[in-house]
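# Examining the three-dimensional arrangement
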Amino acid sequence: GQNIDQPTEMTATEGAIVQINCTYQTSGFNGLFWYQQHAGEAPTFLSYNVLDGLEEKGRFSSFLSRSKGYSYLLLKELQMKDSASYLCAVRVTSNTGKLIFGQGTTLQVKP
Amino acid sequence: DTGVSQNPRHKITKRGQNVTFRCDPISEHNRLYWYRQTLGQGPEFLTYFQNEAQLEKSRLLSDRFSAERPKGSFSTLEIQRTEQGDSAMYLCASSPGTSGASYEQYFGPGTRLTVT
């Protein structure tokens, strides 16, 4: 089966740094995606990792270790608008490109 | 707006009725996906189209569900004889076609179905 685990909820303070972890056990691996989803809205793409290491994009960074089946999303200089759900998703095969999602981590940023 | 669009945004129906949702993907994208999302969960894959061909269906997609993508453009998802368990957000996503590369999926705003 396919299994992707994330913490259900996290709380952090405005201006701080937060790390959201994701572990996965899937039948295949062709890339890991992070999406942001505000309540009642569509998921929007944040980052993509297919090789081990860190990918940085502005205030957001994502890390991947394929041997450990582990990824994290790092959010720096947190802003109130970062309060949202963060979804970790694995693309099991490039043939179809379908994504297997974790349950999502709801992040609450407090003043 | 050249993003993915979905209609209707909200649908309330009585148990046993049939419903149909529409998705218009980004025009140059030949891959189209349907997902279902319930409260507090991540999206679950339902089905995938490459152009007009439906190439994969999840076991979640019972025989009450059918999806089409005529001419490889817009897609429809029909649910027959709706049940209360069908209440969810139905998301459509599209992406460019070739394998490899990031080719993230672009999601539409979803159709929220409530079955009473």
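Report follows, based on the coordinates. (Residues numbered from 1 in each chain as written. Chains lettered and ligands numbered in written order. Predicted model: local features only at pLDDT ≥ 70, side-chain atom pairs only at ≥ 80, totals over all residues. Heavy atoms only, no water.)

## A look at the overall build of chain A
Convention followed: Elements are defined by DSSP. Helices are runs of H or I of four residues or more, strands are runs of E of two residues or more, and each kind is numbered from the N terminus. C-alpha atoms define the radius of gyration in this analysis, and the globule rule sets the expected value at 2.2 Å times the number of residues to the power 0.38. Note on classification: 1.4 Å probe, protein chains only; a residue is buried when its accessible area is under 20% of the maximum for its type, exposed when over 50%, partly exposed between these limits. A contact between two residues is defined here by any heavy atoms of the two lying within 4.5 Å. Working convention for charge: Lys and Arg count positive, Asp and Glu count negative, and His plus the chain ends are omitted. In this description, the location of a charge corresponds to atom NZ of lysine, CZ of arginine, CG of aspartate or CD of glutamate.
When its secondary structure is counted, chain A shows zero helices and 11 strands. From first element to last, N terminus to C terminus, chain A shows the α and β order β-β-β-β-β-β-β-β-β-β-β. For 111 residues, the compact-globule estimate of 2.2 N^0.38 gives 13 Å, and the C-alpha radius of gyration of chain A, at 13 Å, lies within 12% of that figure. Reported as C-alpha extents along the three principal axes, the dimensions of chain A are approximately 45 × 30 × 20 Å. For chain A, buried positions account for 50% of its 111 residues. Considering only contacts in chain A between residues 6 or more positions apart, those separated by 24 or more positions represent 55%. Here chain A holds 9 positive side-chain charges and 9 negative ones, and the gap between their average locations is 5 Å.

## Overview of the interface of chain B and chain A
Going by this rule: Buried surface area refers to the total accessible area, computed with a probe of radius 1.4 Å, that the two partners give up upon joining, counted for both partners together. A carboxyl oxygen of Asp or Glu within 4 Å of a side-chain nitrogen of Lys or Arg is what we treat as a salt bridge. For this analysis, a polar contact is any N or O atom pair within 3.5 Å, provided that within protein one partner can donate a hydrogen and the other can accept it, and provided that sequence-adjacent residues contribute only side-chain to side-chain pairs. Under the scheme applied, nonpolar residues are Ala, Val, Leu, Ile, Met, Phe, Trp, Tyr, Cys and Pro; charged residues are Asp, Glu, Lys and Arg; polar residues are all the others, including Gly.
With 22 residues of chain B at the contact, the number on the chain A side is 18 residues. With both sides pooled, the region where chain B packs onto chain A buries about 1700 Å², and carbon together with sulfur makes up 53% of that total. Linking chain B to chain A there are one salt bridge. The salt bridge partner of Lys98(A) is Glu56(B), with a shortest N-O separation of 2.5 Å. Summed over the shared surface of chain B and chain A, the result is eight residue pairs in polar contact (both at pLDDT 80 or more). Going through the elements one at a time, β4 (31–37) and β5 (44–50) of chain B are the ones with two or more residues in the side of chain B that touches chain A. Its residues assigned to classes, the side of chain B that touches chain A shows 10 nonpolar, nine polar and three charged.

## Things to note about unusual backbone geometry
Omega for the bond connecting Asn7(B) with Pro8(B) falls within 30 degrees of zero, at -10°, which places this linkage in the cis form. For Pro8(B), the position within the fold is in the loop between β1 (5–7) and β2 (10–13). Despite not being glycine, Glu77(A) has its phi angle at roughly 45°, a positive value. Within the element layout of this structure, Glu77(A) appears in the loop between β8 (70–75) and β9 (84–91). In this structure, Lys71(B) takes a positive phi of about 65° despite not being glycine. With respect to the helices and strands, Lys71(B) occurs in the loop between β7 (65–68) and β8 (75–79).

## What about the pattern of salt bridges?
For the structure on display, the rule yields seven salt bridges over all chains. A salt bridge links Lys76(A) to Glu56(A); the nearest nitrogen and oxygen atoms lie 3.7 Å apart. Here Lys76(A) is found in the loop between β8 and β9, whereas its partner Glu56(A) is found in strand β6 (residues 53–57), with 20 residues between them in sequence. The partly exposed category is assigned to Lys76(A), whose relative accessible area is 27%. Here Arg22(B) makes a salt bridge to Asp24(B), at a shortest N to O gap of 2.8 Å.

## Structural notes on the packing of aromatic side chains
Residues and elements named next belong to chain A. To keep things clear, this is the line we draw: Stacked, tilted and edge-to-face pairs are distinguished by plane angle, under 30 degrees for stacked and over 60 for edge-to-face with tilted covering the rest, among Phe, Tyr and Trp rings (Trp via its six-membered ring) whose centres lie within 6.5 Å.
By the definition in use, this model includes 17 aromatic pairs over all chains. Ring centres 4.9 Å apart and planes at 45° place the aromatic pair Phe33 and Tyr48 in the tilted group. Taken together, the positions of Phe33 in strand β4 (residues 32–37) and Tyr48 in strand β5 (residues 44–49) put the pair 15 residues apart, joining distant regions of the chain. For the pair Phe33 and Tyr48, a shared accessibility class is recorded, and that class is buried.

## Brief notes about the state of the cysteines
All names here are of chain A. The condition is simple: Here, a disulfide means two cysteine sulfur atoms that sit within 2.5 Å of each other.
Taken as a whole, this structure holds two disulfides over all chains when the rule is applied. For Cys22, the disulfide goes to Cys88, at an S-S distance of 2.0 Å. Looking down the S-S bond of the Cys22 and Cys88 bridge, the torsion is -70°, so its handedness is left-handed. Remark: Cys88 occurs in strand β9 and Cys22 occurs in strand β3 (residues 18–25); sequence separation between them is 66 residues.

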